[in-house]
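Architecture and fold: a report
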Amino acid sequence: MEEILARIFNLSVIQNTIRTSTPLILAALGGLLTMQADILNIGMDGMILIGAFFGVLGSYFFASSFMGVVFAVLSGIIIGIFFSFMVVKLKADEFIVGIAINIFAGGLTVFLLRSIFGVKGAFSSDQIIAIPRIQMPYLENIEFLNIIFNNHSVTVYLSWILVVLVTIFLYKTPYGMWLRASGEYPEALDTVGVSSQLMKHFSSVMCGVFCGLAGAHLSLGYLTLFSEGMSADRGFIALAAIIFGRSHPVKTFGAALLFGFFDAVGMRLQGVGVPSQFSKAIPYLFTVIALFIIARRHLNKKKNNSMETVS
Amino acid sequence: MIKKDKYKVEYLISLFISIAAALLLGGIIMWFYGKNPILGYKAMFEGAFNSQYRFATTLSKMVPLVLTGLATAVSFRAGIYNIGGEGQLYLGAFAAAYVGITFTSLPGYLGILIAVLLAAAVGAAYAYIPALLKVYYDIDEVITTIMLNSVAIFFTGYLVNYPFATSQGKMGGTDVIAEGYQLSRLVRLSNLNSSIFMVAVIGIMIYYLMEKTTLGYDFKMVGQNKDFADYGGVNSKKRMITAMLISGGLAGIAGAFEVLGTHFRFLQAISPGYYFDGMLIALIVKNNPLGIIFMSFFFAVLKTGSMSMEMATEIPSELVLIIQSVIIFFIAGEAGMKKIIKPLFKRGEEA
Amino acid sequence: MAEELIRFENIRKVFPGVIANDDINLGINKGEIHAIVGENGAGKTTLLKILYGMHKPSSGNIYIKGQKVKIDNPSKAIGMGIGMVHQHFMLIPSFSIAENIVLGYEPRKKNIFTDFKKAEKITKDLREEYGLEVDPAQKVEDVSVGIQQRIEILKVLYHGADILILDEPTAVLTPQETEDLFEVIKSLVKEKNKTVIFITHKLNEVMSISDRVTVMRRGKKLKTMQTKDATKEKIAELMVGREVLLSDLDRDDKKGSVQLEVKNIKARDSRNLRAVKNVSFRVRQGEILGIAGVEGNGQSELIEVIAGLRKLESGKIFINDQDLSNADSAEIRKNGVVHIPEDRLKNGMSKEASIAENLLMGKQYQQQFSHHKIHLDQKRVKKEAEKLIEDFDVRTPSSEVNAGSLSGGNMQKMVIAREFSFESPILLISQPTRGVDIGAIEFIHEEIMKKRNEGCAILLVSAELDEVLRLSDRILTIYEGEITGEFKNDSSLSKQEIGLYMTEKRGERH
């Protein structure tokens, strides 16, 4: 029994958790910015996929991972602008557009995969440069910390920094507060002369940027390859993390880590005979249960309030 | 012209423009790809029509689209958004497969009937959960249904890789269902099977339900103005739940037909997103049952034709997905674009 | 010496289908408290939103200090020293009071970060200067409505407003909070030289603190007067009267048994404030009981409670001697009650449905329209719809047209056609001729009278005093959720007297 537990829960699981949760963290950060602006973006999966593809494209043709990331982020910006143009300006239904983006992303990436690279299924090449790892020499001395925190891709460390930056942005700067106001009560923002529409556009573009980064991490982070459908529903898991984390960057970060953990553990569990589907389903199940518990609490609070005011 | 018809005609025009624009864009992409667009589209439409086999394949692709489109239409009509049809489809498919591999000694008709009914029941039951959460706890059904999709897909994936895994190979599927329950093929070598007749019947039933019954009327009113329905004595909560149950049932049946008619077993990736396609179809035609049939046909043509187009011209079949989504983008923004464009025309008239 | 600060010149604002402001000429003097009164839909809020840059006038000009100005958006208005406190507070619930006050004009640290300490100090300074007690750290969602209003006022003062526009400021305040607010307004004007414009329909307040009052009705400005020269009666008359003289209707005089009885009804509104405080009355067969009152005094909630659309807090409702206090709309209807709702677009109809579909609501399960309660007989539905359209004079080319394309008067006739065709003995009628043209008003009044003469028990709620006087047998006046007077509608009754009861509490007569 100890052996089994040892196989499952060891430091490399934590290392894996960090790796697997990075795209979730990035995408969730982007998605929560739109959530704070009261936009539900279920097209994140497609945005991640597009980011992954253009990341590979950029890295391949410029033989530089930096260009790969630039391309991924640019593609995210374009898709983000498109999304907010449709949803905020034209007032199109946000989930029709989101689902259509997912289908579009699937079609576009495979089409380009075949027309540009001439392959089916997946594309890999030595010419694709991976995102560099950071090796911190002073960590090498402490084995424990070394395994967990050292030698990750730039994007991993970037994602942690971004959690902090997004938190500061949302809660410590006027612009972040305007963004939150645009989601909570846009008219109140408009009456003081700040355009709530502009803030919503901004949130959408940032979501595109973050999803682009998430995609870049997927395709350039450890392996350098693009395969069809490689976003693998991470956009939806990110959505679950956002809801679970109540759209707060730090809580969402925690949720994303948790879900990443289950993913990593899931692979181990499979090794000892527990089907991977269980751990894969956990993010989604947990989210539904969490929503239910919160709604119950909210309803009870309302009942108590109205009882108090009866005199 | 009566105002109501005027809106319908305007919308149809927008729809045609959207499709034309998307096809035009597709043609431009083909041209950039170095291929003649006219040849490309010719190959596409020939590939969907010009042989018995090809036409049969097109029709067979319509089946899941019509069912999922109707499932969407019923729920959206009543103002409750069932985005979880994919999961309901998977569970329904598995239920049908379960009947097909467990109760194998019933006469064919009976077995098929039980399989379809069980699939519908399972789909409806699974849709009941988000419906309750929405109606009694005000939990957004869009989110719960999306989450439950994945839960169902993983759950059936587990079932089919472990307890019900087939011994006939390693594919993530169940055993083949009893031969008596396999729906007979209508055209040799194609996937077109007798499910298309059943879908036609179901389509007529749902059309009847939505347009000609008191329940359909209640659904419409609840979806258009819930306050009006409540005021008028309609129990909107009950109606919304009923609509979800029907929607889930239809999605389950779609899954059943995939098992009984196409694959003869449950496979872990049995649906490549049929429900999302069906949902987009229903949304494009604004939940009109007849429109769903036409649009499903059109999408089926695109899907089937894309394969032939690829074989004939080497243009990747995924181009069709791009065309599909561009149509959606155009039609989704239609109302907003009209608001911007119309005043421009009016100003011109006044001058 | 009254110095004119703001001038509205020939202001006209047209929205699709309605003239909200019709050639308004109005001057506001520096340092005065100017009240603008009128019914719902009079155009008061629209006019002041134009001043605040939230609407652009269709034509006309605004002058500030004698200079013509163009106020394109709220930022410009704020720049000119104009601030507006809206009827529905524009506050972000999850933000703190200080954060709300500085929203949009936050003090900065290093230009990128919000200086929260400074915001707190600003709030405290404002609190000192104007005497409005608030705790900067509290979240808006946790404070009372009275305090929320103070926050709005402080916000506007932070923007440097010299001209304060208050839209229905006391609508949600308790009497004590109202008094506090008035002290604040008085000190702002006397000690800080501000100019205050406030919109209200509560005449007590007008008399109590305004220097001048302007009465508006249906988009037009009727009169501006010095408050000391005005009386509540005069103002009320201007507000609710109608120019057209409506003649008497035929009236049978049989009175039957009690059909509807309510006892000690208490109910809350959607903000959880007590709207109906203790209402009791009876309505008999063949009688129209009219409830007269300015909107916002609990009538809406009262009718909603009886119609089963709102839960009552306490009290009893008897329909035909049956206790139906907690019944929902479906059950109420089953017991012979129909309801013409106050807001037809909200719950009286569906804009996207056809007229025939709208006319069917409530009847879809009746034998004549549905076989075995399942199959809808569309032919019969259409035929019945056409009959109702003709009987009730709904002007439309066909019954298949979308109800949303009808004019207001025809929409209302459609709703009435439906409800009246149920042959129910009890009718709840709320604002039956709101937004309806004069010809349709006549028709609707005749139909209501017909029902009365047939022996129905009718409860009528209307903000149009002339309408109440024309139709009712008995009249109750309502003010702040209480019945303040009961009158028999005979020749000895005067409009002025009723108007007075509509605007003050029981026992507050001078």
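Keep in mind that this is a model prediction, so the values were computed, not measured. (Residues numbered from 1 in each chain as written. Chains lettered and ligands numbered in written order. Predicted model: local features only at pLDDT ≥ 70, side-chain atom pairs only at ≥ 80, totals over all residues.)

**Some points on the overall build of chain A**
Worth spelling out the cut-off: Secondary structure elements follow DSSP: runs of H or I no shorter than four residues count as helices, runs of E no shorter than two count as strands, and numbering proceeds from the N terminus. The quantity called the radius of gyration is restricted to C-alpha atoms. Its globule counterpart is 2.2 Å times the number of residues to the power 0.38. Buried residues are those with 20 or more other C-beta atoms within 10 Å of their own C-beta, exposed residues have 12 or fewer, and partly exposed residues lie in between; C-beta atoms are placed from the backbone.
Along the backbone of chain A there are 13 helices and four strands. The C-alpha radius of gyration of chain A comes to 21 Å, within 12% of the 19 Å expected for a compact globule of 311 residues. Projected onto its principal axes, the C-alpha positions of chain A cover 70 × 50 × 40 Å. Of all 311 residues assigned to chain A, the portion counted as buried reaches 53%.

**Topic: the overall build of chain C**
Selection criterion: A pair of residues counts as a contact when their C-beta atoms, built from backbone coordinates, are separated by no more than 7 Å.
Counting its regular elements, chain C contains 17 helices and 24 strands. Taken against the 2.2 N^0.38 rule, which gives 24 Å for 510 residues, the C-alpha radius of gyration of chain C at 25 Å falls within 12% of a compact globule. Taken along the three principal axes of its C-alpha coordinates, chain C extends 75 × 55 × 45 Å. The buried share of chain C, taken over its 510 residues, is 47%. At a minimum sequence separation of 6, the contacts of chain C that also span at least 24 residues come to 68%.

**Examining the interface of chain A and chain B**
Worth spelling out the cut-off: Only Asp, Glu, Lys and Arg are considered charged, only Ala, Val, Leu, Ile, Met, Phe, Trp, Tyr, Cys and Pro nonpolar, and every remaining residue, Gly among them, polar.
Taken together, the contacts link 40 residues of chain A with 37 residues of chain B. Secondary-structure elements contributing two or more residues to the side of chain A that touches chain B are α4 (65-89), α5 (94-117), α11 (234-244) and α13 (276-309) of chain A. If one sorts the elements of the side of chain A that touches chain B by residue count, α5 of chain A sits on top with 14 residues. Looking at side-chain class alone, the side of chain A that touches chain B contains 28 nonpolar, five polar and seven charged residues.

**Observations regarding the domain arrangement of chain C**
Residues and elements named next belong to chain C. Short version of the rule: Throughout the structure description, domain borders are defined by an automatic or database domain assignment.
Partitioning chain C into domains gives domain 1 (4-240) and domain 2 (258-501). Between domain 1 and domain 2, the C-alpha centre-to-centre distance is 35 Å. Between domain 1 and domain 2, the residue contacts involve 10 residues of the former and 12 residues of the latter.

**Focus on the interface of chain C and chain B**
With 29 residues of chain C at the contact, the number on the chain B side is 18 residues. Residue assignment for the side of chain C that touches chain B shows that the elements contributing at least two residues are α10 (329-334), α11 (344-348) and β20 (375-376) of chain C. In terms of residue class, the side of chain C that touches chain B is built from 12 nonpolar, 12 polar and five charged.

**Focus: the sheet that holds strand β3 (residues 33-37) of chain C**
All names here are of chain C. Applicable threshold: One bridge is not enough; two strands pair if DSSP finds at least two bridges between them. Note on geometry: axes are C-alpha line fits, over the in-contact stretch for helices, and angles between N-to-C directions span 0 to 180 degrees.
The six strands are arranged β6-β9-β10-β3-β11-β12 in an open sheet whose pairing can be described as mixed. This sheet does not close on itself; its edge strands, each paired only once, are β6 (82-85) and β12 (220-226). The sheet shows a mean angle of 15 degrees between the axes of neighbouring strands, taken without regard to direction. Alignment of β3 against strand β11 (residues 212-217), held across four bridges, turns out to be parallel. Bridge pairing in β11 links A35 to V213. Its contacts with the sheet put helix α5 (residues 145-158) on β6 and β9 (163-167), and the angle it makes with β6 is roughly 170 degrees.

**A look at the sheet that holds strand β24 (residues 482-488) of chain C**
Residues and elements named next belong to chain C. Ordered by their spatial adjacency, six strands build an open sheet running β18-β21-β22-β15-β23-β24, and the pairing between neighbours is mixed. Single-partner strands in this sheet number two, and they are β18 (337-340) and β24. Pairs of neighbouring strands in the sheet enclose a mean axial angle of 15 degrees, with direction left out of account. Strand direction decides the pairing type here: strand β23 (residues 474-479) and β24, joined by six bridges, are antiparallel. Note on β24: the bridge partner recorded for T477 is G485. In this fold helix α9 (residues 299-306) packs onto β15 (287-292), β21 (426-430), β22 (457-462) and β23, with an angle of close to 150 degrees to the strand it touches most, β21.

**Focus: the pairing of β3 of chain C**
Residues and elements named next belong to chain C. Taking burial as the measure, the five residues of β3 include five buried ones, the bulk of the element. Every second residue of β3 is oriented toward a common face, with I33, A35 and V37 on one face and H34 and I36 on the other, all of them buried. Pairing of β3 with strand β10 (residues 195-200) involves five bridges; the strand directions are parallel. Bridge assignment links A35 to a residue of β10, and that residue is F198.

**Observations concerning the packing of helix α7 (residues 154-172) of chain A against helix α12 (residues 249-271) of chain A**
All names here are of chain A. What counts is decided by this rule: Between 65 and 115 degrees an angle is taken as roughly perpendicular, under 35 as roughly parallel, over 145 as roughly antiparallel, and anywhere else as oblique.
Contact geometry of α7 with α12 gives a least axis separation of 9 Å together with a crossing angle of 150 degrees. The orientation of α7 with respect to α12, classified from their angle, is roughly antiparallel. Residue-level inspection shows V163, V166, T167 and L170 of α7 in contact with α12, the latter providing P249, V250 and F253. Within the contact of α7 with α12, the residues separate by chemical class into six nonpolar, one polar and no charged.

**With respect to the nonpolar core**
Operational definition: For the purposes of this analysis, a nonpolar core is taken to be any set of buried Ala, Val, Leu, Ile, Met, Phe, Trp, Tyr and Cys residues that are connected through C-beta atoms within 7 Å.
Membership of the largest hydrophobic core comes to 354 residues, with the highest contact counts inside it found for A100 and A241 of chain A together with A93 and A96 of chain B. Counting residues per element, this core draws most heavily on helix α10 (residues 236-263) of chain B, which supplies 14 residues. A domain-level breakdown of this core finds at least three residues from each of domain 1 (4-240) and domain 2 (258-501) of chain C. Setting aside its immediate chain neighbours within four residues, A93 of chain B contacts A119, G255, A256, E258, V259, F266 and I270 of chain B.

**Examining the environment of F123 of chain A**
Residue and element names in this part refer to chain A. As for its position among the elements, F123 is in strand β1 (residues 122-124). C-alpha of F123 to C-alpha of E228: the two residues are 105 residues apart in sequence and 9.0 Å apart in space. If sequence neighbours within four positions are ignored, F123 has contacts with V56, L113, F117, L225 and F226.

**Some details on the packing of helix α3 (residues 44-62) of chain A against α4 of chain A**
Residue and element names in this part refer to chain A. Stated precisely, the cut-off is as follows: Here a crossing is taken to be left-handed if its near helix is turned anticlockwise relative to the far helix by less than a right angle, and right-handed if that turn runs clockwise.
It is the contact of α3 with α4, at a shortest axis distance of 7 Å, that shows an interaxial angle of 145 degrees. With respect to the hand of their crossing, α3 and α4 are arranged in right-handed fashion. Taken together, the residues of α4 that come into contact with α3 (itself represented by M47, I50, G51, F54, G55, V56, L57, G58, S59 and F62) are S65, M67, G68, V69, V70, F71, A72, S75, G76 and I79. For the contact of α3 with α4, a count of residues per class yields 12 nonpolar, eight polar and no charged.

**Focus: the environment of V66 of chain B**
Residues and elements named next belong to chain B. Within the element layout of this structure, V66 appears in helix α3 (residues 52-77). Taking the number of C-beta atoms within 10 Å as the measure of exposure, V66 has 27 and is therefore buried. For the pair V66 and T145, spaced 79 residues apart in sequence, the C-alpha to C-alpha distance is 20 Å. Discounting residues that sit within four places of it in the chain, V66 has contacts with V199, G203, I292, I293 and S296.

**Focus: the environment of I328 of chain B**
Considering the arrangement of structural elements, one finds I328 of chain B in helix α13 (residues 319-332). Taking the number of C-beta atoms within 10 Å as the measure of exposure, I328 of chain B has 24 and is therefore buried. The spacing of I328 of chain B and L15 of chain B is 313 residues in sequence and 9.5 Å in space, taken between C-alpha atoms. With near-sequence residues (within four places) excluded, I328 of chain B lies in contact with I96 and A100 of chain A together with L280 and I284 of chain B.

**Notes on unusual backbone geometry**
Residues other than glycine predominantly adopt negative phi, and peptide bonds predominantly adopt the trans conformation. Residue and element names in this part refer to chain C. Positive phi is not limited to glycine here, since K110 has a value of about 55 degrees. By the secondary structure assignment, K110 is in the loop between β7 (108-109) and β8 (113-114). Even without being glycine, Q431 reaches a positive phi, approximately 45 degrees. Note on placement: Q431 falls in the loop between β21 and α15 (438-453). The buried category is assigned to Q431, around which 24 C-beta atoms lie within 10 Å.

**Comments concerning α10 of chain B**
Heads up, the rule is: To estimate the expected span of a helix, count its residues, drop one, and scale the result by 1.5 Å.
The terminal C-alpha atoms of α10 of chain B lie 39 Å apart, and with 28 residues this matches the ideal 40 Å at 1.5 Å per residue to within 8%. Of all 28 residues in α10 of chain B, 25 are buried, a share of seventy percent or more.

**Some thoughts on the confidence of the model for chain C**
Just so we agree on the cut-off: The predictor attaches a confidence to each residue, called pLDDT, with possible values from 0 through 100.
When pLDDT is averaged along chain C, the result is 88; 95% of the residues meet or exceed 70. The ipTM, which scores confidence in the relative placement of chains, is 0.87 for this predicted complex, and the corresponding pTM is 0.85.

**Describing helix α6 (residues 141-161) of chain B**
Owing to its 3.6 residues per turn, the α-helix brings residues three or four apart onto one side. The end-to-end C-alpha distance of α6 of chain B, which contains 21 residues, comes to 30 Å, matching closely the 30 Å that a straight helix rising 1.5 Å per residue would cover. Extensive coverage of α6 of chain B is indicated by the burial of 19 of its 21 residues.

**What to know about the confidence of the model for chain A**
In this model, chain A carries an average pLDDT of 89, and 95% of its residues clear a pLDDT of 70 or more. Every residue in residues 307-311 of chain A is under pLDDT 50, and counting partners more than four places away or in other chains gives two contacts.

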